[in-house]
Structure formats: C-alpha cells, structure tokens
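# Structural overview
Listed below, chain by chain, are the residues.
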Amino acid sequence: GKKSAVVTGDQKASRFRNFGLLESEGKTFLSEGGAPVLLNKGKIWTSSKILGDYAVGGESGGRFHLINTGIIKGSVKDGIPAIKLSGGGTDILEFRKGSSILGDIVLNDTTNLIFGKGMLSPFRLGFGGSGRLSFDEEELKLFPVPVFYSAYKRVLSVFDPVILTFERDILAFISGNVSSLVASRFSSISPSSDRNLWASSTFSSTELGGGLHIPFQRKGIAAGYDYTPSSWLSYGVLGGYDEGEYATLESEMLASHENSLTGLFLSLHAKAGWKGWSRVFVNTALSGGVLLHHDKRFMTDNQRQDGRSRVDATYKSFWVAPEVTVGANFGTGFLMVTPSLRGRIAYQSVDGYTEKGRGKVKIPAVATFARRSSNVLEGRFQLAITKKLGGMSLVSVYSGLQYSGIMMSGKDLNLSMFGMNRKFRVQDQEGKFSNYTGGLLKFSLGKGAILNASGEVLFRYEKMETPFYRVKLGMDIPF
C-alpha cells in the first residue's frame, strides 16, 4: 500500500540490490538525484493506475544507473511506464540476459542504453516521452547480431539468428536419413528375388547447434521398388514422407523459436559389381526432396500486457543430394566382410518469406528474409560383417568413421525490418568427426516375404546431451 517503496536521495554512489519482489501502488523505485545504481534480479512492480507513476524512474539531475536481469512491470493497458526518466541527468539503462520489461520505457534526452552479453535474443522495446535513442545507422551495424530501430514507431528490435545456424545440421540429418534408406536397400537386395516392393517406417533423433544442445526428432515412412536383373546389377526407386520439430529456449520465461517441418523425398539408386562372391561394387544414388517449414519466433515485448509477442512464418525449401559408395566383398557364402567408402554432398535452397503476426495482432517488428542456401559435405569409411542365417535371413553389423562439414562458405544473408536492410553471415561450423555403429536384420517370413529391422547410433568427438540414432522397421514383398 505504499506510494513509493524506495526513494533515493542526493547520494553520490549508493547501490541498491533487489532479489525478491518490490511492489507499491505508486512510484516503486524513485531516484531523486546523486548517482544511485540499482541491480535488479527480482521483480519490481507498480499497481498504480495514475498517470505519472511508474515502476522504476528518476526525476531530477544526477546519474541513475539501472542494471536489469529481472522483471520491471508497469501497465500497458493503463499507460503506466515500467521505466520513466524525466530528470536532466545522464542516466544509464543496462539490460542483460533475462530482462523482461512490461510497459513503456520513457527516456530523457541524455539516456544511454546498454545491451549486455546475452541480451541479443529476440526482444522488442517500445519507448515513450520526448527523449530519443542515440543510435544511428552505423552504430546499429556494430552489434554482433542484426539490430533495427524505427524512429517513427519508436521501437528497437533485435533478431536472434540462432535458428539459421541449424539449417546445415537439419539438411545433413534429413538427407542423411534418405541416404541411410538407400544403404539398407543395397544390403537387402536378394539375388533369389529379382523384383521387390517394400515399405518401412523410420524414427531418428539428433542434436543441433553443437554446444547449444538443441534436440531435433523426426519420423517418417518410405516405400520403394527394387529390380535385380542379375547378381552384379540392381537398381530401384524409393520415396516417402518426413516430419520433424525442435525448439530453442533462450530464457526460463520464453522460448526463442519453435520450428517444425514436413516434407516429401524421392531417390533413384543403382548398384553395379562383378560376378562372384568376392567383388568390387559401386553404389550410386541421387536423392532430393521438398520441405514445408513452419516457424514460430518469440520475443520479449514490453508493449504487450503479457510481456511477449510471437510472429509466424511458413515457407518452402528444396534439397538435392548425390552420393557414391565404393566397396568390396570378401568372404565365403555364409560370412562376408565389406569395407566401403562413401562420399555425399547435399545442397538446399530456401525460399524468401516475410513473417506475420499471429491472428489479428499486428507486430511492427516482423522480419523479411531473402532467398538463401546451404550445403553439406559428408564422407564415411565403414567396415561391415554379414552372416547368412539360412534362406534369405541374415544379420549384419557395421562400424565406421564419419566426417561432416561444408562444401563451401555461405553467402551474406539479407534480412529486413522497419524498411532497414541488414547483411550478415551465419558463422560457418567447423567439420565434425564422429564414430558410428549399427546393425541390420533380415528375417524370412516365408513365400519370399522378408522383415527388415535396422538401427544406428552415432558418437561425436564432443559432448552431446541428445543421442544421435536412426531406427527403421519394414517389410519386403516379392513382386
């Protein structure tokens, strides 16, 4: 019920710390001169509905310095600012990671704004009063991430490009799953059945962004047709449906991005070798697909009553991935050892798009993206051991070393907001070496039908909180 919870006087360098809840029905924290420093890691609220009140502010000369990692709440509905600076001093507002401001920020003419490390995740700050931001076009370009300011709307907005750093990981993962299907078909082709129809369900998981530990899961179905005219030649076609999703968490309060995708893929593959059990073979495949992306981007937003806003985007991309595998089979009719080397590249083109506010809500901080592309280079050295169990049943285990990197550096990306255009480059990720191991089981069900089950686990030379795995279960039917 207090009109003011804390009032500072004419002190030169007093320091105040708030770790809990500081609340009043008026001006909750008022600086009246001197050089007070307020470190807020908790909550500072005002329940006032009287114009002129605020949660945190300064009303006289001096140098008020706010360092905020907590919540400062006015009232968007009643026009009560969260922060109001009306004195003639040179005040400093410093926002760090975790900051949440509910209500306008009213500046004087000499306010300095500082955005500390970690406060570069999505946010939007609206400003009132007659004070102006001192940012100019060149200063905004100094930020490590794209920053935009609209003098007309009096809104400063930061875009977090972390979502764009995942595109190569997702491309490698999606195209790699299709490549894994192709590899399992080469292992499943039986000389005793020259035509096969087959279907398979697939489940897989990986981790995006290296040290960011963002889990990405996908599931899908696939079907295809194989034709084996001789023991040294086979070819086929497969297609299917994919879907996956992931989310990044930028703070305890708010997710930064939630993303999902659905897609269709198609692959043509062929295998050629020499007659006889011990022979050299060459496997080739050309795969591609179309993806439909559904993105949700969340921002801390002081102009919304709940302190957050969301924009959505739907757009398409296509990818293509050729690959070649060279190997040799050594052994008897019941036990075979197969070393092989595979090279694969993948290229993706992503359509340009503009975000939209959800429903009828208009968000003056939507972003427009130009068309962009990404690429992946992957190599695998593998050793497999296969044992026939009788008839068309067999079991195979394999292990190997994988390298995944980029074929060429990406170009500058174009991003627009408030009519301002920014060019920036997503940092190229370093190549990654990984060990992997897996297995395949073919079990004869009679009358030429075969049950196929396979799985693979990958281990990177870096800490992973989400394991990389692939699991497939399907059936072959002679045709």
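Residues numbered from 1 in each chain as written. Predicted model: local features only at pLDDT ≥ 70, side-chain atom pairs only at ≥ 80, totals over all residues. Heavy atoms only, no water.

### Observations concerning the sheet that holds strand S8 (residues 65-68)
With parallel pairing, the 5 strands of this open sheet are ordered in space as S2-S5-S8-S11-S14. The sheet terminates laterally at strand S2 (15-18) and strand S14 (112-115), the two strands that pair on one side only. Across the sheet, the mean angle from the axis of one strand to that of its neighbour is 10 degrees, orientation sign disregarded. Direction of pairing for S8 relative to strand S11 (residues 92-95): parallel, over a ladder of 4 bridges. (Pairing = 2+ DSSP bridges. Helix = DSSP H or I, 4+ residues; strand = E, 2+ residues; numbered from the N terminus. Axes fitted to C-alpha atoms, helices over the stretch in contact; angles between N-to-C directions.)

### Some words on the packing of aromatic side chains
Throughout the structure, instances matching the rule amount to 11 aromatic pairs. Ring centres 5.5 Å apart and planes at 75 degrees place the aromatic pair Phe173 and Phe216 in the edge-to-face group. Of the two residues, Phe173 sits in helix H2 (residues 167-188) while Phe216 sits in strand S19 (residues 214-230), which places them 43 residues apart along the sequence. Given a relative accessible area of 0%, Phe216 falls into the buried group. (Phe/Tyr/Trp six-rings, centres within 6.5 Å; stacked < 30°, edge-to-face > 60°. Buried < 20%, exposed > 50% of the residue type's maximum accessible area, 1.4 Å probe, protein only.)

### Digging into the sheet that holds strand S31 (residues 413-417)
Sheet strands line up and pair through hydrogen bonds in the backbone, either parallel or antiparallel. Across the sheet, which stays open at both edges, the 4 strands sit in the order S26-S28-S31-S32 with antiparallel pairing between neighbours. Only two strands of the sheet have a single neighbouring strand rather than two, namely strand S26 (353-354) and strand S32 (420-424). For S31 and S32, the ladder comprises 5 bridges, and the chain directions are antiparallel. Of the residues in S32, the one forming a bridge with Ser416 is Asn421.

### A few points about the nonpolar core
Counting residues in each nonpolar core, the largest one holds 45 residues, and the members touching the most others are Ile170, Phe216, Tyr246 and Trp319. Take this core: its biggest share by element is 9 residues, from H2. Counting residues in hydrophobic clusters, the runner-up holds 27 residues, among them Leu38, Phe64, Ile83 and Leu113. (Core = buried A, V, L, I, M, F, W, Y, C linked by side-chain atoms within 4.5 Å.)

### Description of the confidence of the model for the chain
Averaged over every residue, the pLDDT of the chain is 80; the share at 70 or more is 81%. Strand S25 (residues 335-350) holds the highest mean pLDDT among the elements of the chain, 93, whereas strand S1 (residues 6-8) holds the lowest, 67. (pLDDT = per-residue confidence, 0-100.)

### Concerning the pattern of salt bridges
One pass over the full model with this rule turns up 13 salt bridges. Two residues, Arg342 and Glu378, come together in a salt bridge whose shortest N-O distance is 3.5 Å. Here the residue Arg342 occupies a position in strand S25, and Glu378 occupies one in strand S29 (residues 372-390), the gap between them amounting to 36 residues. Residue class for Arg342 comes out buried when judged on its relative accessible area of 12%. In this structure Glu378 comes out as buried when scored by relative accessible area, which is 8%. The salt bridge partner of Arg470 is Glu456, with a shortest N-O separation of 3.0 Å. Here the residue Arg470 occupies a position in strand S35 (residues 468-478), and Glu456 occupies one in strand S34 (residues 449-460), the gap between them amounting to 14 residues. By relative accessible area, which is 6% here, Arg470 ends up buried. Residues participating in the shared-partner salt-bridge network are Arg342, Arg344 and Glu378. (Salt bridge = Lys/Arg side-chain N within 4 Å of Asp/Glu carboxyl O.)

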